[in-house]
Amino acid sequence: MSIRETWIEISKSNCIHNYERLKEATQKEIMPVVKGNAYGHGDTMISQILEEHGAPMLCVFSYDEAIKLEKDGIKTDILIFSNVELSDIEAYHQPNFIYTISSEDWYQKIKGTNLDVRFHIEINTGMNRSGFRNRDVIEAVLSDLNVEGIYTHFQSPTNMEKGKLQLEKFKEMIKSLNHDFAWIHVGNAPLELVKRETWINSFRVGLGVYGYRVDVDNLKPVLSMYSNIVHKDTAYAGETIGYDHTYDVMETMSFATMSIGYADNFDVRNHDVPVWIRDTFYSIVGKVCMNQTMMAVDERIQVGDTVELIGSHRTCDMISKGTGISTYAILSTLSERIERKLTK
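All of these numbers come straight from a predicted model, not from anything done at the bench.

## Remarks on the UniProt feature "domain: Alanine racemase C-terminal" (unreviewed entry) in the chain
(1) Moving on: Mapped onto this numbering, the UniProt entry annotates "domain: Alanine racemase C-terminal" (unreviewed entry) at residues 222–343.
(2) Moving on: Along residues 222–343, the helical share is 11% and the strand share 38%, with 10 Å between the first and last C-alpha atoms.

## Quick notes on the side chain of glutamate 197
(1) Moving on: Mapping glutamate 197 onto the fold places it in the loop between helix H9 (191–194) and strand S9 (202–205).
(2) Moving on: Judged by its relative accessible area of 14%, glutamate 197 is buried.
(3) Moving on: A distance of 3.3 Å separates a polar atom in the side chain of glutamate 197 from a polar atom in the side chain of lysine 171.
(4) Moving on: Setting aside chain neighbours within four positions, we find glutamate 197 in contact with Lys28, Leu167 and Lys171.

## Quick look at the pattern of salt bridges
(1) Moving on: By the definition in use, this model includes 18 salt bridges.
(2) Moving on: Close ionic contact of glutamate 139 with arginine 135 constitutes a salt bridge, the shortest N to O distance being 2.7 Å. Placement of both glutamate 139 and arginine 135 in helix H7 (residues 135–144) is noted, with a separation of 4 residues, approximately one turn of the helix.
(3) Moving on: With relative accessibility at 34%, the residue arginine 135 sits in the partly exposed group.
(4) Moving on: Here arginine 269 makes a salt bridge to aspartate 267, at a shortest N to O gap of 2.9 Å.
(5) Moving on: Each of the salt bridges in this network shares a partner with another, and the network as a whole consists of Arg21, Glu24 and Asp217.

## A few points about the sheet that holds S9
(1) Moving on: Strand order in this open sheet of 8 strands is S2-S9-S8-S7-S6-S5-S4-S3, and the pairing throughout is parallel. Each having just a single partner strand, strand S2 (29–32) and strand S3 (57–60) make up the two edges of the open sheet. Strand-to-strand twist across the sheet, computed as the mean angle between neighbouring axes with direction ignored, equals 30°.
(2) Moving on: Along the sheet, H7 makes contact with strand S5 (97–101), strand S6 (118–123) and strand S7 (147–153), crossing S6 at roughly 170°.

## Some thoughts on the UniProt feature "binding site: substrate" (unreviewed entry) in the chain
(1) Moving on: Here the UniProt-annotated "binding site: substrate" (unreviewed entry) positions come out as Arg129 and Met290. Spatial dispersion of the annotated residues is evident: they stretch over 162 residues in sequence, and the largest pairwise C-alpha distance comes to 34.4 Å.
(2) Moving on: Its location among the elements puts methionine 290 in the loop between strand S16 (284–285) and strand S17 (293–297).

## Thoughts on the domain arrangement of the chain
It is common to report an interface's size as the accessible area lost on association of the parts.
(1) Moving on: Annotation of the chain at the domain level lists domain 1 (12–210) and domain 2 (223–342).
(2) Moving on: The straight-line distance from the C-alpha centre of domain 1 to that of domain 2 is 38 Å.
(3) Moving on: Of the residues lining the interface, 10 residues belong to domain 1; the matching set on domain 2 comes to 9 residues.
(4) Moving on: Across the interface of domain 1 and domain 2, roughly 920 Å² is buried in total on both sides, 69% from carbon and sulfur atoms.
(5) Moving on: Considering only the surface of domain 1 that becomes buried against domain 2, His41, Met45 and Leu207 emerge as the three largest contributors, covering 47% of it.
(6) Moving on: Viewed at the interface, domain 2 and domain 1 are joined by 0 salt bridges.
(7) Moving on: Summed over the shared surface of domain 1 and domain 2, the result is 2 residue pairs in polar contact (both at pLDDT 80 or more).
(8) Moving on: The set of elements that each furnish at least two residues to the side of domain 1 that touches domain 2 consists of helix H2 (35–39) and helix H3 (43–52).
(9) Moving on: Per-element accounting of the side of domain 1 that touches domain 2 gives the leading share, 3 residues, to H2.

## Let's talk about the packing of H7 against helix H8 (residues 160–177)
Two packed helices can be described by the angle between their axes and the distance between those axes.
(1) Moving on: In contact at an axis separation of 11 Å, H7 and H8 are set at 50° when each is read in the N-to-C sense. Taken together, the axes of H7 and H8 lie oblique to each other. The hand of the H7/H8 crossing is right-handed. Touching Arg135, Ile138, Glu139 and Leu142 of H7 are Met173, Ser176 and Leu177, all from H8.
(2) Moving on: Grouping the constituent residues of the contact of H7 with H8 by class yields 4 nonpolar, 1 polar and 2 charged.

## Considering the environment of arginine 204
(1) Moving on: With respect to the secondary-structure elements, arginine 204 resides in strand S9.
(2) Moving on: Residue classification places arginine 204 among the buried residues on the basis of a relative accessible area of 4%.
(3) Moving on: On a C-alpha basis, the gap between arginine 204 and valine 33 in space is 6.6 Å, while along the polypeptide they are 171 residues apart.
(4) Moving on: What arginine 204 contacts, discounting residues up to four positions off in sequence, is Met31, Val33, Cys59, Phe81, Tyr151, Thr152, His153, His185, Val186, Gly187 and Asn188.
(5) Moving on: At a separation of 3.1 Å, a polar atom in the side chain of arginine 204 contacts the side chain of histidine 185.

Rules used in this analysis
Residue numbers run consecutively from 1 along every chain, following the written order of its sequence. Totals for whole chains, interfaces and linings use every residue, but because this is a predicted model, local features are given only for residues with pLDDT of at least 70 and side-chain atom pairs only at 80 or more, for both listing and counting. Side-chain numbers here rest on the full set of heavy atoms in the structure, without hydrogens or water. UniProt positions are given in the numbering used here, feature names are shortened, and annotations may be inferred rather than shown by experiment. Starting at the N terminus, helices and strands are each numbered in turn, a helix being any DSSP run of H or I of at least four residues and a strand any DSSP run of E of at least two. In this scheme, a residue with accessible area under 20% of its type's maximum is buried, one over 50% is exposed, and one in between is partly exposed, where area comes from a 1.4 Å probe on protein chains only. Here a polar contact is taken to be a pair of N or O atoms separated by no more than 3.5 Å, where protein atoms must pair a possible hydrogen donor with a possible acceptor and residues adjacent in sequence count only if both atoms sit in side chains. Contacts are residue-level and defined by heavy atoms, with any inter-residue pair within 4.5 Å sufficient. Only one rule defines a salt bridge in this text: a Lys or Arg side-chain nitrogen within 4 Å of an Asp or Glu carboxyl oxygen. For two strands to pair, DSSP has to find at least two bridges joining them. Here, axes are lines fitted to C-alpha atoms. For helices the fit covers the stretch in contact, and angles between N-to-C directions go from 0 to 180 degrees. In this document the domain limits rely on a domain assignment from an automatic tool or a database. As a working definition, buried area equals the accessible area (1.4 Å probe) given up by two parts on being put together, with both sides summed. Any angle that falls under 35 degrees is termed roughly parallel, while one over 145 is termed roughly antiparallel, one within 65 to 115 roughly perpendicular, and all others oblique. Note on convention: the crossing is left-handed when the near helix lies turned anticlockwise from the far helix by less than a right angle, right-handed when the turn is clockwise. Under this grouping Gly is polar, as are all residues other than the nonpolar Ala, Val, Leu, Ile, Met, Phe, Trp, Tyr, Cys and Pro and the charged Asp, Glu, Lys and Arg.

Quick look at the structure:
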């Protein structure tokens, strides 16, 4: 069976380093977020690393993501952010699944259930996406269901003024409820605001686990991506390269092709950011195709050479600045069909 010429490498040591660095920086337990295929890194691979390293809880968005991890052998507690229908819980529930209650409408659907399940409550402190505001409803939930955790989500990790307002709302709600929560946690919060709040015992972290967070230094990118040159040829003056004749060949030149394109979410805007081959940047020429991309090269470049697409030279920050695509989107949308290889 032929192996594709494009692959992703996942650094186990960098993932563990980031987890420990985040614990040190936040002074809290860390709940890694592995939704969206672990932000493109491979949810099962990342979850196995973090489970082995003792993460107390993993966070996903949807029920199907939790089921996939459980069927892949993950035993660590898994917090599901989205609402899960009672019929689905009844059909397939696992002891390590924890469900979020984020609205009165959904609570009305599950109230009075006799199922032995665990819940966390989400509080809306200003994100205005989901979560409760009404304390009376929350107290009804607490008296009815097995609620072991409560959390909120901040709008920005850098806006201290708005962050203080959200933190105060969350603190007031916790005090007014007078309930003994096993877990009180926040996500996307300004670190300096939250780390001194001893009543908060855990921090949900998404992209930071993978090496990117503006207010924590010394994080290391976990993912790198490469492709190989699969074809090299010559184009002549008067010809064009790629679809729609967008690249005009002005004089005889060498070009090379690699096997990655927009079907792998190598976005067409990558055209504006050169790739790294043999210690040199080379420009992409012509439109990025569905499965292939062409580059202007020189005599040094040969079939089989490795092209760095995300790494220490062609970084996510460089790609983001050159294309306008956020690091979140660059990583989390990478095709699952690209092989992920675990490295040390």
